[in-house]
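Here is how the chains run, residue by residue.
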Amino acid sequence: MTNSLVSIILVVVFCGLAAGTRTTLFLTEAQDAVSAVADDGICKSMVETQGYFCEEHMVTTRDGYILSIQRIPVGQSGKTSGKRAPVLLQHGLLMDGITWLLSPPDQSLALLLADNGFDAYWDWTWDELVDYDLPAIFQYVHDQTGQKLHYVGHSLGTLIALASFSKGQLVDMLRSAALLSPIAYVGQVTSPLARNAADSLLAEALYWLGINEFNPRGKAVIELLKHICQKAGVDCTNMLTSFTGQNCCLNSTIVTVFLEHEPQSTSTKNMIHISQMIREGTIRMYDYKDEDENRKHYGQPTPPAYNMKSIPNDLSLFLSYGGADALSDVNDVQLLLDNLKDHDGDKLVVQYIENYAHADYVMGVNARQAVYDPLMAFFKLQ
Ligand SMILES: *[C@@H]1O[C@H](CO)[C@@H](O)[C@H](O)[C@H]1NC(C)=O
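Every chain is numbered on its own, with residues counted from 1 as its sequence reads. Owing to the predicted nature of the model, reporting of local features is limited to residues with pLDDT of at least 70; listing and counting of side-chain atom pairs is limited to 80 or more, with chain, interface and lining totals taken over all residues. In computing side-chain values, all of the structure's heavy atoms are included and hydrogens and water are not.

### Looking at the overall build of the protein
Within the protein, the regular secondary structure consists of 16 helices and ten strands. For each residue, the accessible area found with a 1.4 Å probe, counting protein chains only, is set against the maximum for its type, and the residue is called buried under 20%, exposed over 50%, and partly exposed in between. The proportion of buried residues among the 382 residues of the protein is 58%. By definition, residues are in contact when any of their heavy atoms lie within 4.5 Å. Long-range contacts, defined here as pairs at least 24 residues apart, represent 75% of the contacts in the protein between residues at least 6 apart. Using the Shrake-Rupley algorithm and a 1.4 Å probe, accessible areas are obtained, with residue cover drawn only from the displayed protein chains. Summing over all exposed atoms, the protein offers an accessible surface of approximately 15400 Å²; the carbon and sulfur share of this is 53%. A helix here means a DSSP run of H or I that spans at least four residues, while a strand means a run of E at least two residues long, and both kinds are numbered starting from the N terminus.

Here it is, written out as structure tokens:
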């Protein structure tokens, strides 16, 4: 990417508390390989080719970022009968909306939802900013459809939802939420790659923060990985596995498509924030590691916590986690569930899939039967 792009990100990042890469429209000034795919549009490249209608939409956040989201208004049959409930699909860290389109049409959640009477939106860029992006997109989808939304988050897509709900945000526009590979507490992440990366990023935070953009295919990150991969206990022969855990059910053709598109950039600040959470086991806002700086941003010397106990007890939640997931570790999920122990019994469905790891939730060959069918059945009851 060119310097002009990076400087635009820098300016905005420093003005707000922006943490993710929210580069969509900025990329028109600084085309690169990734943006070329994006600007061609996920609709054109991944949805229309499967015979589905698809619309590209833009949403402007309060802090001036322009996000790109895609909408699949009807299923393949083209039937438009009745009001279709909107579903917002939010992908995870270093990912984009392609997350929901990797498998064949009858097995990809975005297209399955469209074929099952839902109206599917998902976000193209990822950002952790609970304060701007999700509210803007929720409001937009709500206005367009005149209805409350179902939400599906994977991985960090669950964290930003949980953090929002804990502050009482979005809940007025929400019908129900499905949380796949939930990320809230991450203090017990077992992935050696993720733990080592977190330690290295924190140890050299000043260096990394000078880079602004965390590009997984860039020189700095490749050097970092080389360094980590030499450490004992880190197996880099299969990066996907050492990062996500031993996925049970991946198809190598689909993994190849996945790796052609992902991983994508996020902001370094966002990576540092997540590293802080891994090291400290807390769910707090970004820590500037400087009391004055924290005071400037938060009015207090330490970052405010997101309190998972504050999630309204009557929100309809479908939560699914896997026994082999190295990022959404079962002990961390248990901590989250402990916080939800007063949740209304009939409003919380918890699913545990013993042999599932992080990527099975979006690419597993049996994800439809194991996860998406029960998820849609849950949505239809809400
Ligand atoms: C893997 O996915 C491809 C593309 O969808 C498909 O053609 C192939 O049959 C799948 N292989 C297996 C073993 O499921």
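### Things to note about the environment of G364
Assignment of secondary structure puts G364 in the loop between α15 (360–363) and α16 (367–381). Those residues in contact with G364 that sit more than four places away from it in its chain are C249, L250, Y356 and A359.

### A short note on the packing of helix α7 (residues 192–203) against helix α9 (residues 219–229)
Every axis corresponds to a line fitted to the C-alpha atoms, with the helix fit spanning only the stretch in contact, and the corresponding angles, defined between N-to-C directions, vary from 0 to 180 degrees. The interhelical angle for the contact between α7 and α9, taken along N-to-C directions, is 120°, at an axis separation of 10 Å. It follows from the interaxial angle that α7 and α9 lie oblique. Two packed elements cross with a definite hand, and for α7 against α9 that hand is right-handed. Across the interface between the two elements, L193, N196, A197, S200 and L201 of α7 pack against L224, L225, H227 and I228 of α9. Just so you know how the angles are binned, under 35 degrees is roughly parallel, over 145 roughly antiparallel, 65 to 115 roughly perpendicular, and the rest oblique. A crossing counts as left-handed when the near helix is turned anticlockwise from the far one by less than a right angle, and as right-handed when that turn is clockwise.

### Digging into the state of the cysteines
Pairs of cysteine sulfur atoms within 2.5 Å are identified as disulfides in what follows. In this structure the tally under the stated criterion is three disulfides. With its sulfur 2.0 Å from that of its partner, C229 forms a disulfide with C236. Residues C229 and C236 are joined through a disulfide that is left-handed, its torsion about the S-S bond being -90°. C229 sits in the partly exposed class, given a relative accessible area of 25%. Note on cysteine connectivity: C248 is disulfide-linked to C249, with sulfurs 2.3 Å apart. Classification of the bridge connecting C248 and C249 rests on its S-S torsion, roughly -100°, and on that basis the disulfide is left-handed. By sequence order of its bonded cysteines, the protein has the disulfide arrangement 1-2, 3-4, 5-6.

### Structural notes on empty space enclosed by the protein
In this analysis a 1.4 Å probe is tested at points of a 1 Å grid over the protein atoms alone, and where it fits but cannot get out there is a cavity; an open set with protein on both sides within 12 Å along at least five of seven lines is a pocket; lining residues have an atom within 4 Å of a point. Grid points are joined across faces, edges and corners, and a volume is the space filled by probe spheres set on the points. A full pass over the atoms with the stated rule returns two cavities of 30 Å³ or more. In this model, the second largest cavity occupies a volume close to 40 Å³. Around the second largest cavity, the lining residues are H273, Q276, M277, E280, T282, R284, M285 and D287. For this classification, Asp, Glu, Lys and Arg are treated as charged, while Ala, Val, Leu, Ile, Met, Phe, Trp, Tyr, Cys and Pro are nonpolar and the rest, including Gly, are polar. The residue inventory of the lining of the second largest cavity, partitioned by class, reads two nonpolar, three polar and three charged.

### Comments concerning the packing of aromatic side chains
The way to describe two aromatic rings as a pair is by their centre distance and the angle between their planes. Working definition: rings of Phe, Tyr and Trp (its six-membered ring) pair if their centres are within 6.5 Å, and the pair is stacked with planes under 30 degrees apart, edge-to-face with planes over 60 apart, and tilted otherwise. Across all of its chains, the model carries nine aromatic pairs by this definition. Note on F118 and F379: the rings are 5.9 Å apart at their centroids and 70° apart in plane angle, and the pair reads as edge-to-face. Residue F118 is found in strand β4 (residues 118–123), and its partner F379 is found in helix α16; the two are separated by 261 residues along the sequence. For F118, a relative accessible area of 4% puts it in the buried group. By way of ring pairs, the aromatic residues Y207, W208 and F214 are connected into one cluster. Definition used: whenever NZ (Lys) or CZ (Arg) falls within 6 Å of the ring centre and also within 35 degrees of the ring normal, the charge is taken to sit over that ring. Sitting over the face of the ring of Y286, K269 holds its NZ or CZ atom 5.1 Å from the ring centroid.

### Some words on the nonpolar core
Throughout this description, the term nonpolar core refers to a set of buried Ala, Val, Leu, Ile, Met, Phe, Trp, Tyr and Cys residues connected via side-chain atoms within 4.5 Å. Counting residues in hydrophobic clusters, the biggest one holds 115 residues, and the most contacted among them are V152 and F165. Per-element tally for this core: the top contributor is α16, with eight residues.

### A word on the UniProt feature "active site" (unreviewed entry) in the protein
The positions that UniProt labels "active site" (unreviewed entry) are, in the present scheme, S155, D325 and H358. The greatest C-alpha distance among the annotated residues, which extend across 204 residues, is 10.7 Å, indicating that they converge on a single site. Checked against the lining of the largest pocket, the annotated residues just named reduce to S155 and H358. Ignoring anything within four residues of it in the chain, the contact list for S155 reads G92, L180, S181, I183 and H358. A relative accessible area of 3% places D325 in the buried class. Those residues in contact with D325 that lie beyond four places of it in its chain are S181, T190, T244, Y356, A357 and H358. UniProt positions are given in the numbering used here, feature names are shortened, and annotations may be inferred rather than shown by experiment.

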